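Each chain, written out:
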Amino acid sequence: MAEQLPPQDDPVTSKSLALPYLIATVLLLGTLLWAIYDENWGTRPWKGFQTEFKDRYETFLKSVKSRSASAEKDLMASSDYQALQADYDRISADVKPKVDEINKEVNKVNQDIGIVQTAFVDARAHVSADTYDLETTVSDKGRENKKKELDAYKAKKQFTIELPDKGKLGPLDYNELEQLYLGLKDQKARLVAQIADITKPQKDAQVKMSQYLADNMVDLSPGALDNLRKANRDWDPKIVQINVNAANLVDRCESCHMGARQPIEITPAAMMAKGKKPDAYALAFVSHPERQLLALHDPEKFGCAPCHGGNGRATSSVEKAHGNYEHWLYPLWKKENVDAGCQTCHAADRVLAAPGGPELGKTIDLGKDMFRNRGCNGCHRYEGYDKEPEDVVFFRQQMKQLESQQKDNLHQAAILTKKGDTAGDNTEANAYYQQAENLRVENSVLAGKIEQFDLQMRSALHDMKKIGPNLKDIRAKLNKNWIPVWLKKPTDFRPGTKMPNFRLDDQDIKAISAYLWQSALTDSVPKAKSGDAGHGKELLETRGCLACHSIGEGSGEQGGTFAANLSRLGEKANLDYIARWVHNPRLRLRPYCPYEKKDLGPEDYAKKGLPYVFDEDHSICPNDGHQLQYQQMTVMPILRLSESDAADVATFLMSQKKKDPADYPDAPYMDDARLKDLGRAKIRQYGCAGCHEINGFEDEGRIGTELTQEGSKPIERLDFALLTEEAKRGGPNPVLNQKVSQNIGPWYGGKYPSNAKEVGPWYDTKGFFERKLLVPNLFDYDIEGRVKVKKAEEYLRMPDPHLTDEQRNAIVTMLLGSQDPTVPADYRYQPRGTDKDIQEGWWIVKKYNCMGCHQFVPGQPTVLMGMTRYQDPDWKEQLPPKLLTEGARVDPVWLMKFLRNPALSDTDTNRNGVRPYLKVHMPTFFLSDNELRKLVRFFQALSQQPMPYIPQKDERLTAKEMEMGRSLFSSAAAPCLKCHATGDPNHDRTATAPNFLMAKERLKPGWMERWITDPQAISPGTSMPSGLFHKQGEQMVFSGPIPPAFEGYTGDHTKLLVRYMMQLTPDEQRRVAAMMGRAPAPSGAKPNPSEKKTTGKASPGALRAPKPAIPPAASGASR
Amino acid sequence: MALSALLSLLLLIALIGCGKKEESTEQSTSETPKAATPMDKSQVASVSGMAMFTGAAPKPTKIDMSQDPACKKSGAENMTETVVVDDKGDLANVFVYVKDGLGDRAFEVPKDKVTLDQQGCRYHPHVLGMMAGQTVEIKNDDDTTHNIHPSPKDNKEWNESQPPKGSPLEKNFARQEVLIPVKCNQHPWMKMYIGVVKHPYFAVTGKDGKFTIKDLPPGDYTLAAVHEKFGEQTMKLHVEAKKDVSDQNFTFKAQ
């Protein structure tokens, strides 16, 4: 029998399962809550946003009123507004005495400046005159004397200044006087800045007041407002998304940013309780700030993320949606880089922002300017920049392909003909013959294509430019001893130069200078006579040079930043070369044959019995028939200055120096042949040939990485090197910063630490680009600021481009937007027709800096416009013409002729073809056929003019109409010839407008009618007055006394006058001028603001260059 | 769908409607200027003084008007008016005005027009003062065409032709701007200056260098004198009720 076990307790009754149940229940309940939480907040944070938005929008909609006068009054009476008003009044009262006080001081200082200036300007003139004497004296003894004289003048305590509040000062010597003057100027600047500081709260208060009104009134009718309110109340939380299948685009951004496209303007303040600072919600709910842009880029097609970056699909957190997490390539652009979004689709556009329009696009435009003007493309390929060399290759390939196709066709045709010969019947034979003939005709079509490619290839060769000067010329151009000093650190000599600072050690500098010196051409340039520096200065300041170049340093700097600053030129260059350069910058010392890789000399030409002539018409190598590089690869145009004028300008420029060129330490090592090999290696290593022509480096490729799609590089491919961990971690690293700063101090001015107080991680494209541009060799360092030990050639080569924060940010923005498109190709802006013409034209306009002188779009500033000189009303009329409606104004055929030769004369070249009265001269840009064609099309397209232009038939004037036209043209109430030139030198001395004889060929009649009716509407500020005609019924009628010949005439007066002008003959014009009895201008008359002589005499051969080299431009300009 | 279409249609209509309305209100506001601040006429005083010149004054040069026979008719000696100073150093054509101290006071724009006359190819007067918004009537008494071309910095620029003895032009300047240069492009020597201020306290010195500003309420002011060539000078001024202030003299020096 089995032993009986004591009965066990029934677990159901004896054991409690309460605990497991409890745990299970808690878990279940927890999961449920979690699910609920997740559903509503956790993974759907947008629901919270939407509820928040609904509440705030509701409040806002309740508070706003439809815009009306009574609403404004009510608002102004409200206590909120009154409080703001009170604030403003209080602040104003507070500020006023302080401002008055400072203003008083400013007045005093102004007075002092006035007094000191008089003495100082005289003294400075004396010193410059002496300095000039000193430089032009040849003998050593004479120099010494002059120097003594100058020093004595400077040291003599001879200036006594009496200032009203400071009493008598002095006698002072020259330096003390200068100090005094500069001190006063500084003081004034400080005071003015103080005023701005002090009045800031006042201005802020004022802004608050107008903002309050704007925030509380909307441009909606009461009914529409009610509808909005209802729609908002009825809103149920749901995902709001834009879904474009074709583009694989799903953007859910508006699930949180609900205000972006609301019909009324929503500001952060409007989304916040009164008086509170806008929080993150309020900032997220605002309207899209650029409505115009949205109208052009319909969000229903473009979505949000293609422009803004970020992950449009993500809805689970703000970080995810904004793309701020690992593995998402394009985080939302920061505010300062928002233009990067434009670049993704508009990389092919050179100009994006509407000048004078909203800020958007300006950063990217600056980035593009900097990329080109600082020569970034010398080392880094970027599609669209400097594409001529690639075009040349492309055209060559095309030609080869077509040529081989031609051969095939001939071969095929021969076979077909043979087949025809042996065919069974006539029908078959004829079919073969026909096919053969078709092929032969096709060949002649191909021949035309080949010819076009050949022409375009020649244009492309012509259009190739280098950003830096030709270093083959340095023996003829430079002060030898200056070269190593410059290479050491270019910004020390010339702050703001395009040349970046390379981190060269002394050995590098010696070697590079030696190579450059020894490899340079030894040809000499003809001696130039030292000229009139005063006249040279005037020419430099008025001829238009300063639209590109600047002169003066620091606060005294004036002019453009497109080309070099010319201060201190006297220390580095020599007169002969500069005079020749100013006369014709396109002149080469020797032509270069790319095929032979050789600079050709007279001997090469002599061998073939040819004269040593190279220009556009003599562009073929005598040895092998290949195209030569026959001109300097500079964008600098020819100013058509006579040789003597050019010498005057050069003389003035050579007087610009701070230090005697002879004071540069001797550099004998530059002749040391042993250094040459090292020099060659270093030049190759640093990629100098990217920007300069250098002997032996003509075919050198770019040494940097291509940047066209740099912004979409995976982060792993950006070389953070030993700083990777540091970048991921972020946070300030004092050790690194200090060490880096110590090591790089000499090169970067110790700027790293102040700019590098990073708080968050910077392991992203923006973080990399910014640091790379700030301290290009940062990634040579390890985390403790030690320089990695490696071979000298392995250190990072990128030089310091010494950019301002704004410039750096602009380039960073451009790089961020440089992407492999995530949207389909057709989302990129690829215009056709006239839009394409505009796109292509901007590249040329920017290439030659046309905007330095001309206005192309309303509101666009030019460099000259901003200069002090042109603020004076008389000088303002001397500004180059505005080109706002150029395409509608001129006949494109004429325009091409003019652009080719702006003097419009083969003999008298030292003049403006259209506006001989302007001191600024339109230079000869020596454009290739390609560029000419693009520019002409650009102007036509910009004014919506179709190409080709077909002039309308101009009916001959009847005798009666002729008489009427003449009487109007010469009417005392519209004395056209009083201002317009006639070609008679006596008369033209006081002319301030173009010659009518040009009208027929140059102008479009419709534009002329609009112009004479209201010129101020076409070119605001022009000398031509409005009000000559007024509307009467359907016709424009003359406003002055109507000449008797018009008796019974009911037609349009402007139309008649325009027809008369279009049919004007030289004889007729002479007769009318004589009839008007205008006395010849007396010699004392001053048509121009300046009394000095305009220019030297221009001889017919002014452009002919000194022998042996014949300038390419000579023939270019005189074709 | 239908609802949203209806809604957007409504919005559109509303927008158009509002746009129009705004336009009209804008116009009406520009037409009704701020009401003049009331002033106690019994408390006012006048301010007078002189503009003097010390040092060697630039000599006026003769203007050659031979390019336009119609200009020479007057027969008078035509001298430049850039610096008009007599033997005693009295400087004419200086624009004197209250630059500061009037606060936010608004003033009624006078209905009377000021006149700028072109006679003998010269402007009369050479320096003209007027209030912002006031009308200037520009006459041409010559047998030649002129064009009037002011180049202001803060006002709208214009350039209008006026036929010989043509009907007068009426113009105004909306904003305060002291010394707007005016010229005639057809007669390059013709230049004058207009001082536009937003109150009536201004004057131009006469041949004797004297000026008087009348009816100034008591207060502390900054008085400014502006000359086309010698620039601006300022002085502090305290005016008590009913007490005329005299001898407020400005001295200009050669630059």
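Predicted model, so just to flag it, every value in this text is computed and none were measured.

What counts, and at which threshold
Residues numbered from 1 in each chain as written. Chains lettered and ligands numbered in written order. Predicted model: local features only at pLDDT ≥ 70, side-chain atom pairs only at ≥ 80, totals over all residues. Helix = DSSP H or I, 4+ residues; strand = E, 2+ residues; numbered from the N terminus. Contact = placed C-beta atoms within 7 Å. Buried ≥ 20, exposed ≤ 12 C-beta atoms within 10 Å, placed from the backbone. UniProt positions renumbered as here; feature names shortened; annotations may be inferred. Pairing = 2+ DSSP bridges. Axes fitted to C-alpha atoms, helices over the stretch in contact; angles between N-to-C directions. Core = buried A, V, L, I, M, F, W, Y, C linked by C-beta atoms within 7 Å. Expected span 1.5 Å × (residues − 1). Parallel < 35°, antiparallel > 145°, perpendicular 65-115°, else oblique. Left-handed = near helix turned anticlockwise from the far one by under 90°. Nonpolar A, V, L, I, M, F, W, Y, C, P; charged D, E, K, R; others polar. pLDDT = per-residue confidence, 0-100.

What is the right way to read the overall build of chain A from this model?
Within chain A one finds 46 helices and 12 strands. Dimensions along the principal axes, computed over C-alpha positions, put chain A at roughly 145 × 95 × 85 Å. When contacts within chain A are restricted to residue pairs at least 6 apart in sequence, those whose partners lie at least 24 apart make up 72%.

Where do I start with the overall build of chain B in this structure?
If you tally the helices and strands in chain B, you get 1 helix and 16 strands. Burial statistics for chain B: of 255 residues in total, 32% are counted as buried. Counting only contacts in chain B whose residues sit at least 6 apart along the sequence, the fraction spanning at least 24 positions is 65%.

Help me understand the UniProt feature "transmembrane region" (unreviewed entry) in chain A, please; the structure alone is not making it clear to me.
With numbering aligned to this structure, UniProt lists the feature "transmembrane region" (unreviewed entry) at residues 18–37 of chain A. For residues 18–37 of chain A, the end-to-end C-alpha separation is 27 Å, with 100% helix and 0% strand making up the annotated structure.

Teacher, can you tell me more about the sheet that holds strand S14 (residues 219–227) of chain B here?
Hydrogen bonds between backbone atoms are what pair the strands of a sheet, whose relative direction is either parallel or antiparallel. Residues and elements named next belong to chain B. Sheet architecture is open: 4 strands sit in the order S12-S2-S14-S15, paired in antiparallel fashion. Both edges of this open sheet fall to strand S12 (202–204) and strand S15 (231–239), since each of them pairs with a single strand only. Averaged over all pairs of adjacent strands, the angle between their axes in this sheet comes to 25°, without regard to strand direction. Bridge analysis of strand S2 (residues 95–100) against S12 gives 3 bridges, and the strand direction is antiparallel. The residue of S12 that forms the bridge with Phe95 is Val204.

I tried to follow the nonpolar core on my own but got confused; where do I start?
Proteins that are soluble and globular tend to have nonpolar side chains buried together. Ranked by size, the top nonpolar core spans 83 residues in total, and within it Leu516, Ile578, Ala579, Val582, Val649 and Ala650 of chain A carry the most contacts. If you look at the next biggest cluster of nonpolar residues, it comprises 51 residues, including Val47, Val84, Met130 and Phe173 of chain B.

When you look at helix H24 (residues 575–583) of chain A in this model, what are you seeing that I'm missing?
Given 3.6 residues per turn, any residue in an α-helix points the same way as the ones three and four places further on. Residue and element names in this part refer to chain A. H24 sits mainly inside the fold: 8 of its 9 residues count as buried. For H24, the complete set of buried residues consists of Leu575, Tyr577, Ile578, Ala579, Arg580, Trp581, Val582 and His583. Against helix H18 (474–477) and helix H26 (643–654) lie the buried residues of H24.

I would appreciate a short explanation of the sheet that holds strand S7 (residues 146–150) of chain B in the present structure.
Residue and element names in this part refer to chain B. Reading across the sheet, the 5 strands line up as S5-S11-S10-S7-S8 and stay open at both edges, with mixed pairing between neighbours. A strand with exactly one partner marks an edge of an open sheet, and here the two such strands are strand S5 (127–131) and strand S8 (160–162). The average undirected angle you get between the axes of adjacent strands in this sheet is 25°.

Before we go on, may I ask you to explain helix H3 (residues 45–63) of chain A in this structure?
Helix length check: H3 of chain A, at 19 residues, gives a terminal C-alpha distance of 27 Å against a target of 27 Å (1.5 Å per residue), a fit within 8%. Those residues of H3 of chain A that are buried are in contact with helix H8 (222–233) of chain A.

Sorry if this is basic, but what is going on with the packing of helix H16 (residues 388–421) of chain A against helix H17 (residues 426–463) of chain A here?
Each packed pair of helices is defined by two parameters, the angle between the axes and the distance between the axes. All names here are of chain A. Between H16 and H17, the shortest axis-to-axis distance is 8 Å and the interhelical angle comes to 165°. On the basis of their axis angle, the class for H16 and H17 is roughly antiparallel. Handedness of the crossing formed by H16 with H17: left-handed. Residues belonging to the contact of H16 with H17 are distributed by class as follows: 18 nonpolar, 10 polar and 10 charged.

Whenever I open this one, the UniProt feature "domain: Cytochrome c" (unreviewed entry) in chain A confuses me. Can you help?
Residue and element names in this part refer to chain A. Sequence positions flagged by UniProt for "domain: Cytochrome c" (unreviewed entry) are, in local numbering, residues 362–520, 531–657, 836–943 and 960–1065. With 71% helix and 0% strand, residues 362–520 has end C-alpha atoms that lie 41 Å from one another. Between the C-alpha atoms that bound residues 531–657 the distance is 17 Å, and the span itself is 32% helix and 6% strand.

Would you mind going over the environment of Glu1047 of chain A with me for this structure?
All names here are of chain A. Relative to the assigned elements, Glu1047 resides in the loop between strand S12 (1035–1038) and helix H44 (1053–1062). Overall, Glu1047 belongs to the exposed group, with 8 C-beta atoms counted inside 10 Å. Taking the C-alpha atoms as reference points, Glu1047 and Ser519, 528 residues apart in sequence, are found 80 Å from one another.

Help me understand the environment of Leu803 of chain A in this model?
Residue and element names in this part refer to chain A. Position of Leu803 relative to the elements: it lies in the loop between helix H31 (765–774) and helix H32 (805–816). Remark: the alpha-carbon pair of Leu803 and Pro500, spanning 303 residues in sequence, is separated by 9.4 Å. With near-sequence residues (within four places) excluded, Leu803 lies in contact with Leu773, Arg808 and Ile811.

What exactly am I supposed to notice about the pairing of strand S1 (residues 45–54) of chain B here?
Taken residue by residue, a regular strand's side chains alternate between the two faces of the sheet. Relative to strand S13 (residues 210–216) of chain B, S1 of chain B is paired through 5 bridges, and the arrangement is antiparallel. Within the sheet, the bridge partner assigned to Ser48 of chain B lies in S13 of chain B and is Thr212 of chain B.

Help me understand the packing of H31 of chain A against H32 of chain A, please; the structure alone is not making it clear to me.
All names here are of chain A. Relative to each other, H31 and H32 sit at 140°, their axes nearing to 10 Å. The orientation of H31 with respect to H32, classified from their angle, is oblique. Between H31 and H32 the crossing geometry is right-handed. Residues Thr765, Lys766, Phe769, Glu770, Leu773 and Leu774 of H31 touch H32, and the partners they reach there are Arg808, Ile811, Val812, Leu815 and Leu816. Classifying every residue of the contact of H31 with H32 gives 7 nonpolar, 1 polar and 3 charged.

Just to check I follow, could you spell out the environment of Asp576 of chain A for this structure?
All names here are of chain A. The topology assignment puts Asp576 in helix H24. Owing to 19 C-beta atoms within 10 Å, Asp576 belongs among the partly exposed residues under this scheme. Between the C-alpha atoms of Asp576 and Ala447, which are 129 residues apart in sequence, the distance is 47 Å. If we ignore the near neighbours within four places in the chain, the residues touching Asp576 are Val525, Pro526, Lys527 and Ala528.

What exactly am I supposed to notice about unusual backbone geometry here?
In terms of backbone geometry, most residues other than glycine have negative phi values and most peptide bonds are trans. Cis rather than trans, the peptide bond between Met947 of chain A and Pro948 of chain A has omega equal to -10°. When you line up the elements, Pro948 of chain A lands in the loop between helix H37 (929–942) and helix H38 (959–969). Geometrically, the link from His124 of chain B to Pro125 of chain B is a cis peptide bond, its omega value of -5° lying close to zero. When you line up the elements, Pro125 of chain B lands in the loop between strand S4 (122–124) and S5.

Looking at this model, I keep getting lost on the pairing of strand S10 (residues 177–183) of chain B. Mind explaining?
Residues and elements named next belong to chain B. Across 2 bridges, S7 lies against S10 in antiparallel orientation. Directly across from Pro150, in S10, lies its bridge partner Val182. Examined bridge by bridge, S10 and strand S11 (residues 191–197) share 6 bridges and lie antiparallel to one another. From the neighbouring strand, Lys183 faces S11, where its bridge partner is Lys191.

In this structure, what is going on with the confidence of the model for chain A? I would like to understand it.
Atomic detail in the predicted coordinates should be set aside for any region of low pLDDT. Residue and element names in this part refer to chain A. Averaged over all residues, the pLDDT of chain A equals 86, while 93% of them reach at least 70. Taken element by element, the predicted model of chain A shows its lowest mean pLDDT in helix H46 (residues 1112–1117) (38) and its highest in H24 (96). Note on residues 1079–1119: pLDDT is under 50 here. Beyond four places in sequence and across chains, it has 100 contacts.

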